[in-house]
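Structural features, examined
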Amino acid sequence: MIEFRTVRKQYDDGTVAVQELSLTVPAGTITVLVGPSGCGKTTLLRMVNRMVEPSSGAVLLDGKEIRDSDPAELRRGIGYVIQQAGLFPHRTVRDNVATVPLLFGTSRRKARRDAEELLERVGLSRELGKRYPGQLSGGQQQRVGVARALAADPPVLLMDEPFSAVDPVVRAGLQQELLRLQEELGKTVLFVTHDVDEAVQLGERVAVLRQGGELAQYAAPAELLARPADDFVASFVGKDRGYRGLSFVDSSGLEPGPVDTVHIGDTSADVPSRAGWVLALDAQDRPRGWLPPGSTVRGRLTEDQLVAVGSLHTLGCPLREALDAALSSPTGRGAVVDADGVFQGVITAGQVLELIENRRHPALTEGAVQCSRD
Amino acid sequence: MFEGLIRYFSSSSNREVLFEQLGQHVYLSLVPLAAGVLLALPLGRLAQRLRWLRAPLLGGANVVYTVPSLAVFVLLPSVIGTGYTSSGNVVIALTLYTTALLLRPVLDALEAVPEHVTLAATAMGYRPHRRFLAVELPLAVPALTSAVRVASVSNISLVSVGALIGVGGLGRLFTVGFPMPDTVRIVVGIVATVLLALAVDLLLVALWRLLTPWERAGKAVSRS
C-alpha cells in the first residue's frame, strides 16, 4: 500500500508541482494517475522511489515512511518502467533485465537464467535475450522494460507513461498484456498516463489531477465516467464519456441475428442472394469481409472482392465494442464472434440502443468488463 | 636517396638509435595520452555535475591549449624544477595539452547520454558513482574515441618539438638532420612518425570496437 499524506512539492523557482495532496493506493491493484501535462502526476510518482523529495508531507510504503530508507536500496525494491523503456543500449536484453538482481548481488548465471524466463513471461522469446535493445522494435523494448522492472519481484511497480511512445495497435497489445500479468502477479501498480482511455481501461481506481497538482477526483473508472466530480473532470474525461461509459456495461441480452454467408473459395453458384450484402467467412468460420450487393463472382470468391468487415464484437465483451462493431460495418450490421473468433451472427446499432434503453439504470461495475479474445 | 636509405639502415648503430628514439617517442606521447584521459574524465564529470565550474574549467582548458608547446617545454622546468632535457617536462606538458583537448569532448559525450537512460539507471537503484562507471562512461565511449584519436595524433607530432630542447624521440632525426643537411634522416623521421601515428590510431580503433559491440549489432528489427 502506498500512502501520500498531504504531500506538497514546490520547486526552487516557486512553481508548485503538487499541492497538499493525500491519496491511498491500495495494495495489489492498478491505480492510475491521469491528468493534463503539468498536473504533477510524474512528480507524484517519483516521490514514491525518492527521485523527487516532497517539500512537505510524507509518503508511506506499507506503513513505513520512505524518508527513513536509503534511496538506492528503496529503489531496488520498487519496479520502474518509463516511456521509451530507458533500456541500457550497451547491454544485451538479458543483462538489461538482470540489472536489479545483479545490483542485489545475485550471481550472473542465475540472474541471466531468470532474465530469460522473465522474457517469456512478458511474451518475448528467449533468443531475444542475446540481442541489444537497438535491435528490438519499440513494442518489444517496452516489454523488456516491464521485464526489467519485474526482475527482482518487487511488490510495487511504478509506470510512467510506459506505452505512450508506441503505435496504437502495439499499445493495445501491451495494455492487454499488463492486465494479464497483473492477474498473475497482483502487484501494487501506480501508473501515470495523460490518456483517459488508457486510464479507465487499466485502472481499478483512477485519480484525476488538475494543473498545479490538485486531486480533482479519485474513483473507479465507471464512477468517473458516470459521475464526474466537477466541470474539469467532466471536460477532461471527454465529451464522449457517455459512449466511453459503455466500456463498463456488459452486453448480456444482446441477441445476434442471422445474415447470408459464403465462404472464401466458394464458386458463384454458392453465393446465396445478390440483392443484399453477404458476409464472407474463412475455412474456420471467421468473418473476412462483406460481398457488396449485386457483385458478380467469377470463378472462386477471393478476399480482394470483399469490403472490410469493420470491428468485431466478441461475445461477453462490453457494449461499447458491440456498438462500434455495428457503426464501423459498411452494412450497419456488426459481426459477432465467440472467443475463438468463430462467427455467431450480426447486431445492429438499434439493437444496442434498445438494450441500453431497456436497462435505463445500468448497475455500475467495478473496473472494466474483462473479456477474452485470441 | 634510395641508396642513402640503404646505407642508413645497413648501419646497426643507426638502427639501434632509431629504435631507441621510436621507443622514447612512444613513451613520451602515449603516457601523457593515458594520463590525459584519466584526468579529463573526472574533470569532465565535475564540469557536468557542477554547472558553476563549467565555464572556468573549459576556459582554463582553452588557455592551456593556446600556449605554444615550445614555450611550455622551456618554461616548465623553471616552474617545477626539472632539468631542461628531462623527459618529465614533455610528459607533464603533453598531459596538460591532452587534458585540455579532451575536456570538452568528455563533457559533450557525457551530456549526450540520453536522459531516460540515466533516469532509468537511478530508478533501478544505481548509486551515482556506480551509475557513472557502469552506464554513463560506456555510453560515452563512442563519442570519446574520436577525441582520443585526435589527441593521440596531436601528441605524437608534438613530441617531435621536444627534440628542440634536447629531449629524445624521433624529433632527434630532424634536429640532427636539418643542420647537416641530411635528407635521409629527415625522411626516416617523417615516415617513422607517420607510421607510429597510424599504428596508434589503428590500436585505438581496435580498442573502440572491443568496447562497443552494441554499436555494430545488426538492426534486425522484428515485429512485436
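Residues numbered from 1 in each chain as written. Chains lettered and ligands numbered in written order. Predicted model: local features only at pLDDT ≥ 70, side-chain atom pairs only at ≥ 80, totals over all residues.

1. Focus on the overall build of chain A
Worth spelling out the cut-off: Helical segments are the DSSP runs of H or I of at least four residues, strand segments are the runs of E of at least two, and each set is numbered from the N terminus. Counts of 20 or more other C-beta atoms within 10 Å of a residue's own C-beta define buried residues, counts of 12 or fewer define exposed ones, and intermediate counts define partly exposed ones; C-beta atoms are placed from the backbone. Placing C-beta atoms from the backbone, we regard two residues as in contact once those atoms come within 7 Å.
Looking only at helices and strands, chain A has 13 helices and 16 strands in total. Based on the C-alpha atoms only, the size of chain A along its principal axes is roughly 80 × 50 × 35 Å. The 374 residues of chain A split such that 44% are buried. The contacts of chain A with a sequence gap of at least 6 include a subset with a gap of at least 24, amounting to 60%.

2. A word on the overall build of chain B
Along chain B, the regular secondary structure elements total nine helices and zero strands. For chain B, the spread of C-alpha atoms along the principal axes amounts to about 70 × 50 × 20 Å. Residues classed as buried in chain B amount to 36% of the 224 residues present. For chain B, long-range pairs separated by at least 24 residues make up 70% of all intrachain contacts whose partners lie at least 6 apart in sequence.

3. Some details on the packing of helix α5 (residues 87-111) of chain B against helix α7 (residues 128-162) of chain B
Residue and element names in this part refer to chain B. Rules: Only the stretch in contact is used when fitting a helix axis, every axis being a line fitted to C-alpha atoms; angles between N-to-C directions are given from 0 to 180 degrees. Small angles under 35 degrees read as roughly parallel and large ones over 145 as roughly antiparallel, with 65 to 115 read as roughly perpendicular and the rest as oblique. By convention, the crossing between two helices is left-handed when the near helix turns anticlockwise from the far helix through less than a right angle, and right-handed when the turn is clockwise. Just so you know the grouping, Ala, Val, Leu, Ile, Met, Phe, Trp, Tyr, Cys and Pro go in nonpolar, Asp, Glu, Lys and Arg go in charged, and all remaining residues, Gly too, go in polar.
Interhelical geometry of α5 versus α7 gives an angle of 155 degrees and a closest axis separation of 9 Å. Taken together, the axis directions place α5 and α7 in an arrangement best described as roughly antiparallel. Helix-helix and strand crossings are classified by hand; for α5 and α7 the assignment is right-handed. Only Glu136, Ala140, Ala143, Leu144, Ala147, Val148, Ala151, Ser154, Asn155, Leu158, Val159 and Gly162 of α7 make contact with α5, whose side of the interface consists of Val90, Leu94, Tyr97, Thr98, Leu101, Leu102, Pro105, Val106, Asp108, Ala109 and Leu110. The class makeup of the residues in the contact of α5 with α7 is 17 nonpolar, four polar and two charged.

4. Regarding the pairing of strand β6 (residues 78-82) of chain A
Residues and elements named next belong to chain A. Applied cut-off: By definition, two strands form a pair when at least two bridges between them are found by DSSP.
With five of five residues buried, β6 lies mostly within the body of the structure. The two faces of β6 match: Ile78, Tyr80 and Ile82 on one face and Gly79 and Val81 on the other face are all buried. Pairing between β6 and strand β7 (residues 156-160): five bridges, direction parallel. Residue pairing across strands places Tyr80 opposite Leu158, the latter belonging to β7.

5. Some details on helix α7 (residues 168-185) of chain A
All names here are of chain A. This is how it is decided: Take the number of residues in a helix, subtract one, and multiply by 1.5 Å to get its expected span. Arc, as used here, means the arc of the directions from the helix axis to the C-beta atoms.
For α7, with 18 residues, the first-to-last C-alpha span of 25 Å sits near the 26 Å given by 1.5 Å per residue. All of the buried residues in α7 are Arg171, Leu174 and Leu178. Down the axis of α7, the buried set is contained in an arc of 60 degrees. They therefore lie on one face. The exposed residues of α7 that point more than 90 degrees off its buried face are Val169, Glu183 and Glu184. In this fold, the buried residues of α7 make contact with α6 (138-150) and α8 (196-202).

6. Some words on the sheet that holds strand β1 (residues 2-10) of chain A
All names here are of chain A. Pairing in this open sheet of four strands is antiparallel, and the strands run β2-β1-β4-β5 from one edge to the other. Edge strands, defined here as strands with exactly one partner in the open sheet, are β2 (16-25) and β5 (64-65). Note that strand β4 (residues 56-61) and β5 share two bridges and pair antiparallel. What sits directly across from Leu60, in β5, is Glu65.

7. Quick notes on the pairing of β1 of chain A
All names here are of chain A. Bridge count between β1 and β4: five bridges; the pairing is antiparallel. Residue pairing across strands places Arg5 opposite Ala58, the latter belonging to β4. Inspection of the sheet shows β1 paired to β2 by six bridges, in the antiparallel sense. Across the sheet, Phe4 pairs through a bridge with Leu23, a residue of β2. Between the end of β1 and the start of β2, which pair antiparallel, lie five residues, with Gly14 showing a positive phi angle near 100 degrees.

Just geometry here; none of it tells us what the structure is for.
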